[in-house]
Every structure is written in C-alpha cells, then in structure tokens.
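Tertiary structure, described
These are the residues of each chain, in order.
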Amino acid sequence: YLSHKKRILNRWKIKLSNKEVTLLSKIVYHEARGECNKGQQAVAEVVLNRIRSKKFPNTLRGVISQSGQFASYRLINKKVNKREYNVCKKNVKKVLNGNTNIISKKYLYFSMGGHSGHKGVKRIGCHQFCRTY
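These lines cover the structure that appears in this document, whether it is placed above or below. (Residues numbered from 1 in each chain as written. Predicted model: local features only at pLDDT ≥ 70, side-chain atom pairs only at ≥ 80, totals over all residues. Heavy atoms only, no water.)

In this section: helix α1 (residues 18–32). Compared with an ideal rise of 1.5 Å per residue, which puts 15 residues at 21 Å, α1 spans 20 Å between its outermost C-alpha atoms and is within 8% of the ideal. By the burial criterion, the buried members of α1 are Val21, Leu23, Leu24, Ser25, Ile27, Val28, Tyr29, His30 and Ala32. Buried residues in α1 make contact with α2 (37–52), α3 (60–64), α4 (82–96) and β3 (127–130). (Helix = DSSP H or I, 4+ residues; strand = E, 2+ residues; numbered from the N terminus. Expected span 1.5 Å × (residues − 1). Buried < 20%, exposed > 50% of the residue type's maximum accessible area, 1.4 Å probe, protein only. Contact = heavy atoms within 4.5 Å.)

Here we come to the pairing of β3. Residue alternation in β3 divides its side chains into two sets, His127 and Phe129 and Gln128 and Cys130, and both sets are buried. Pairing analysis gives 3 bridges linking strand β1 (residues 109–111) to β3, with the strands arranged antiparallel. Residue phenylalanine 110 lies in a different strand from β3, and its bridge partner there is phenylalanine 129. Between strand β2 (residues 122–124) and β3, which follow one another and run antiparallel, lie 2 residues, and glycine 125 among them has a positive phi close to 60°. (Pairing = 2+ DSSP bridges.)

Using the criterion set out here, one finds 4 aromatic pairs in the structure. Ring centres of phenylalanine 70 and phenylalanine 110 lie 5.9 Å apart, and the angle between their planes is 55°; this geometry places the pair in the tilted category. Placement of the pair is phenylalanine 70 in the loop between α3 and α4 and phenylalanine 110 in strand β1, with a sequence separation of 40 residues. Phenylalanine 110 sits in the buried class, given a relative accessible area of 14%. Pairwise contacts between aromatic rings join Phe70, Phe110 and Phe129 into one cluster. (Phe/Tyr/Trp six-rings, centres within 6.5 Å; stacked < 30°, edge-to-face > 60°.)

A separate point is the nonpolar core. Counting 37 residues, the largest nonpolar core has Leu24, Val47, Leu60, Ile64 and Phe129 as its most contacted members. Mapped onto this core, the elements with two or more residues apiece are α1, α2, α3, α4, β1 and β3. In contact with leucine 60, other than residues within four places in its own chain, are Leu16, Glu20, Leu23, Leu24, Val47 and Ile51. (Core = buried A, V, L, I, M, F, W, Y, C linked by side-chain atoms within 4.5 Å.)

In this section: the pattern of salt bridges. The final tally for this structure, using the stated rule, is 2 salt bridges. Note that arginine 11 is salt-bridged to glutamate 45, the shortest N-O span being 2.8 Å. Remark: glutamate 45 occurs in helix α2 and arginine 11 occurs in the segment before α1; sequence separation between them is 34 residues. Exposure remark for arginine 11: the relative accessible area of 25% places this residue in the partly exposed category. With a shortest N-O distance of 3.8 Å, arginine 33 and glutamate 84 are connected by a salt bridge. You can see arginine 33 sitting in the loop between α1 and α2 and its partner glutamate 84 sitting in helix α4, a full 51 residues away along the chain. What makes glutamate 84 partly exposed here is its relative accessible area of 25%. (Salt bridge = Lys/Arg side-chain N within 4 Å of Asp/Glu carboxyl O.)

Let us look at the packing of α2 against α4. Viewed as axis vectors pointing N to C, α2 and α4 meet at an angle of 55°, and their least axial separation amounts to 9 Å. The angle between the axes of α2 and α4 places the two elements in the oblique class. Seen from above, α2 lies across α4 with right-handed handedness. Facing α2, whose interface residues are Asn37, Gln40, Gln41, Ala44, Glu45 and Leu48, α4 presents Val87, Cys88, Asn91, Val92, Lys94, Val95 and Leu96. (Axes fitted to C-alpha atoms, helices over the stretch in contact; angles between N-to-C directions. Parallel < 35°, antiparallel > 145°, perpendicular 65-115°, else oblique. Left-handed = near helix turned anticlockwise from the far one by under 90°.)

Another point: the side chain of serine 72. By the secondary structure assignment, serine 72 is in the loop between α3 and α4. Residues in contact with serine 72, not counting those within four places in the same chain, are Ile27, His30 and Glu31.

Below, the structure written as structure tokens:
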C-alpha cells in the first residue's frame, strides 16, 4: 500500500494488503466521508485499535464484519463517489504510514450520537470517540 520501497511502520505495527486498504477505505468512506481529514483518520485509527485489542477479532475483516458493529460493512460493494472515496483512501494511507496520532490506542468506539457517561469522550467533527461503550 505504500509507494516507497521503504515501509514506515505505524504505531500498531499493522501492514495491510492493497485489498485490505481498499476495504478499510470503503469503511471510512461510509462511516465518515463528510468529516474533516482528522475525523476520517480517527475512524481508521479506531479500526486499527480494535485489531490490536483483545476485546475484538485480530483481523481487519473480523473487526469490520463483527455483528452489531459496522453497519457500513453491508455497503462496501455499493458505488462510491470517486472524489470523496479518494480523500478517504488518502487519509487511511496516512494512518497506515504512521503519519497520524489522533486518538490513543484505548479508544475503541465512535458514533455520531452521544457517549455521555462513557470514559474518555473526544469529539472530532460530528463523531464522538470513547474508550468504553
């Protein structure tokens, strides 16, 4: 997924195949395409946090297809707006290349609704991120 020969390792030490980069980009597209770059990157960071958490499956597909978690998983084969999708993919690559550090590894959840009463709520754009749910 990197155009350079030298791969920069991200803080999760996760390397995704090109197919997985596309899959994660589509999830970010369907979850946060209207968000600012930082908001889209934070959504991607939550997915990677989950892959590394013992509370969730340890693969990208396992995390995003988990029952009751990413409703957008059902939409991954739907047609996308190419311009908006390319922005999402660029943001996913920034995360995977280790160029972001927006939320800590403890943040495992996000929503457009409220997370009142949950630990560590952080708002970015229209999304709220938290450590517990």
